[in-house]
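Okay, here's what each chain looks like letter by letter:
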Amino acid sequence: MLVVMQEGATEKQIQAVIDRMVTAGFTVHRSSGVLHTVLGGVGPADDIDPAEFELLDGVKEARRITSAYKLASRSFRPGGTVVKMDGVEIGGERVVVMAGPCSVESRDQVMRTAEIVARAGAAVIRGGAFKPRSSPYSFQGLGEEGLRLLRAAADANGLKVVSEVMDLTQIPLISSYADMLQVGARNMQNYNLLRALGCQKKPVLLKRGISATIEEMLLSAEYILSEGNYDVVLCERGIRTFENYTRNTMDISAIPVVKKLSHLPIIADPSHGTGRRDKVSPMARAAVAAGADGLIIEVHPDPDHALSDGAQSLLPEQFSALMPQLRMIAHAVGRTI
Ligand code: PEP
Ligand code: MN
């Protein structure tokens, strides 16, 4: 159930409504918007008539949330969520660009990449230290050493860090180096991991599963939100279809669909979305035009010798050429980069 308080409702009135919802068996999640406080009640209370709550002082309206996901639905925070990472905001006016190698491979590789992407205007460096590879014989990542190199390269260039967490035992280690924890496509429905990420404070980048529907992605976000961490950024990274020219089929339409259904920011990953270097820039441009709140792009100083995803990694000069184009598109849709 959703209870929307009147503009200017007092703290006392809000607390009285929360108490009443708790007594009725709801777990209450509070969202304080610019005008209205919204109280999201999650619970088994199907037999409760929202009209009862409309009678309480300070309540504007009360209604059932009909979607399967509750806290992730747009109605919980009509104004949208801005996820803050110490100076970098995702979901605001600025389109945030995250860029870097698929995997952290060496000090030189990650340092060079950080300099290139920072100079071109990225705000966040990406790089995997723990890699979910299709084959157990492929490069699995440098582990903690990779995180250390990534952090050092980011700090030297004024960037934030996003890196993938593959299972819940890695959360403390990765949080000690990264500003944002990435849940990869293969783990979008690892519900124990999602719940554990909901119980900690670092923002989470939740990638769409390889064959997940938009509703399944929002339900996965709900696992994190329902544990109390509302700082979730969704990511469209392409889905598996019958088309095999590209590695995945990049679902650009997921961007406006999610914007309508949810208050959570959504970014796009045109690298995994296409798997082909020459298709990355066109899809990055399309994603910004479609309203993405950010991009995550693989960039490598020597992609032909990359230990993972070289074929989809942009050359430094391609990334530097893309950024001014993205700025123009962002401007055309009322955003900045
Ligand atoms: C990655 O970001 O390198 C990655 C493995 O992405 P995904 O989980 O989307 O395949
Ligand atoms: Mn990759």
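Everything discussed here concerns the structure shown above.
Quick caveat: nothing in here was measured; it's all calculated off a predicted structure.

Chemist: Please explain helix H11 (residues 316–332) as it appears in this structure.
Modeler: Each α-helix winds once per 3.6 residues, and so residues spaced three or four apart point in a common direction. When the terminal C-alpha atoms of H11 are compared, their 25 Å separation across 17 residues agrees well with the 24 Å that a helix rising 1.5 Å per residue should span. In the core, the buried residues of H11 are packed alongside strand E7 (96–100), helix H3 (107–120), helix H10 (277–289) and strand E14 (294–298). Where H11 terminates, the next one or two residues include Gly 334, which has phi positive at roughly 75°.

Chemist: How should I be thinking about unusual backbone geometry in this particular structure?
Modeler: With the exception of glycine, most residues fall at negative phi, and the peptide bonds are largely trans. Even without a glycine there, the phi angle at Asp 86 is positive, about 45°. Judged by relative accessible area, which is 69%, Asp 86 ranks as exposed. In this structure, Asp 309 takes a positive phi of about 55° despite not being glycine. Its place among the elements puts Asp 309 in the loop between E14 and H11.

Chemist: Quick question: what am I supposed to make of the pairing of strand E12 (residues 232–236) here?
Modeler: Along a regular strand, successive side chains alternate from one face of the sheet to the other. With respect to burial, E12 is a largely interior element, 5 of its 5 residues being buried. In terms of strand pairing, strand E11 (residues 204–207) meets E12 through 4 bridges, oriented parallel. Across the sheet, residue Val 204 finds its bridge partner in E12, namely Val 232. One ladder, built from 3 bridges, connects E12 with strand E13 (residues 266–268); its direction is parallel. When the bridges of E13 are listed, Cys 235 appears paired with Ile 267.

How each quantity is defined
- Residues numbered from 1 in each chain as written.
- Chains lettered and ligands numbered in written order.
- Predicted model: local features only at pLDDT ≥ 70, side-chain atom pairs only at ≥ 80, totals over all residues.
- Heavy atoms only, no water.
- Helix = DSSP H or I, 4+ residues; strand = E, 2+ residues; numbered from the N terminus.
- Expected span 1.5 Å × (residues − 1).
- Contact = heavy atoms within 4.5 Å.
- Buried < 20%, exposed > 50% of the residue type's maximum accessible area, 1.4 Å probe, protein only.
- Pairing = 2+ DSSP bridges.

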